[in-house]
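# Descriptive analysis of the structure
Listed below, chain by chain, are the residues.
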Amino acid sequence: MTAPLDPRGGGVDLNIWLGRDAETDHDDPAFARLAGALVRVQEVVSGARPPPGLSTEAATTLGRVADQLEPYDVDEAAQVAGRQFRHFSRGQTLLPAVAVDTYDGQRVDGRVTFGRFYLGSNGAVHGGAISLLFDDLLGQVANGPDAPRARTAYLHVNFHRITPIGVELSCHAGIRTVEGRKVHIDGELCHGEEVVASAEGLFVRLEAHQL
Ligand SMILES: CCCCCCCC/C=C\CCCCCCCC(=O)SCCNC(=O)CCNC(=O)[C@H](O)C(C)(C)COP(=O)(O)OP(=O)(O)OC[C@H]1O[C@@H](n2cnc3c(N)ncnc32)[C@H](O)[C@@H]1OP(=O)(O)O
């Protein structure tokens, strides 16, 4: 198996998507490396105050990279971003990288560190980034290897305390109930013993015509 890519180094990703063998056919380690490099750029740019000359030079370099990649535009069915299931964040550079420690089909426990890219202000993680983390984490549990595909119908997030950036947090999600097509899932984000945010989501399993 290809070594998992953690943009910040360390951690072990027992990506729960590996159970979906049919969906690992887009494995592209070189692309996952590209996505990891982009995550690093997002992170560094968010925290930097470079001299104007260097900003101009870097903008030109990034423009050149975009020019090189643009001719390889494909439709959704062929894209590899978001489908690198052996890698942190699946090669989807929007997502905060979660290192999954345990997953038993009903519940997942992992760790996440929000970097400067996710800063709202005043040292706090942007609330939208926390909601994104929950949508994806709860969504992964809803869409486990043996489950039918499900979409978020609602996601209720409570922000109990400031969520700090640059600190390893634990994150958890577990199925509360399944009623027909409706899967209720709860989530928590913790700084040590303290719950800094929690979520409750409804995921609705799709009918054949909705896939
Ligand atoms: C692409 C291929 C890739 C290959 C690899 C795949 C791997 C994927 C990789 C990685 C995934 C990781 C995980 C990501 C997770 C992210 C998930 C998202 O963010 S999804 C995007 C945001 N959500 C939407 O865009 C939904 C938009 N809404 C809808 O599509 C529909 O409203 C839907 C499907 C949710 C429900 O519509 P209906 O027509 O099917 O069903 P009705 O009859 O309306 O509802 C069914 C039951 O649910 C209740 N319900 C529906 N919505 C509700 C709501 N908002 N509040 C309360 N109840 C609700 C209803 O009352 C009904 O309940 P009663 O059966 O009568 O008891």
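Residues numbered from 1 in each chain as written. Predicted model: local features only at pLDDT ≥ 70, side-chain atom pairs only at ≥ 80, totals over all residues. Heavy atoms only, no water.

## Here's the deal with helix α3 (residues 127-142)
Our working definition: Every helix listed is a DSSP run of H or I at least four residues long, and every strand listed is a run of E at least two residues long, numbered separately from the N terminus. By this rule the span expected of a helix is its residue count minus one, scaled by 1.5 Å. Whether a residue is buried, partly exposed or exposed follows from its accessible area with a 1.4 Å probe, protein chains only, as a fraction of its type maximum: under 20%, in between, or over 50%, in that order.
With 16 residues, α3 should reach 22 Å at 1.5 Å per residue; the first-to-last C-alpha distance of 22 Å fits that figure. For α3, the set of buried residues is Ala-129, Ile-130, Leu-133, Phe-134, Asp-136, Leu-137, Leu-138, Gly-139, Gln-140, Val-141 and Ala-142.

## Overview of the side chain of Gln-84
Quick reminder of the rule: Whenever two N or O atoms come within 3.5 Å, that pair is a polar contact, provided that in protein one can donate a hydrogen and the other can accept it, and provided that, for residues adjacent in sequence, both atoms are side-chain atoms.
Its place among the elements puts Gln-84 in the loop between α2 (52-69) and β1 (98-103). Take Gln-84: its relative accessible area is 1%, and that puts it in the buried class. At 2.8 Å, the side chain of Gln-84 forms a polar contact with the backbone oxygen of His-26.

## So, the site of the ligand
Our working definition: Whether a residue is near a molecule or strand depends on its heavy atoms: it is near if one of them lies within 4 Å of it. Note on areas: Shrake-Rupley, 1.4 Å probe, and residue coverage restricted to the protein chains presented here. Amino acid classes used here: Ala, Val, Leu, Ile, Met, Phe, Trp, Tyr, Cys and Pro are nonpolar; Asp, Glu, Lys and Arg are charged; the rest, including Gly, are polar. Note that domain bounds follow an automatic or database assignment of domains.
In the neighbourhood of the ligand, 21 residues make up the surrounding shell, with Asp-135, Arg-151, Arg-181, Lys-182 and Gln-210 lying closest. A distance of 2.6 Å is found between an oxygen atom of the ligand and a side-chain nitrogen or oxygen belonging to Asp-135. Between a nitrogen atom of the ligand and a main-chain N or O atom of Ala-153, the distance comes to 3.4 Å. Out of a free accessible area of 1400 Å², the ligand has 52% covered by protein chains. If you list the elements that add at least two residues to the shell around the ligand, you get α3, β5 (150-159) and β8 (194-205). Counted by class, the shell around the ligand contains seven nonpolar, four polar and 10 charged residues. Of the residues that make up the shell around the ligand, three or more belong to each of domain 1 (1-90) and domain 2 (96-210).

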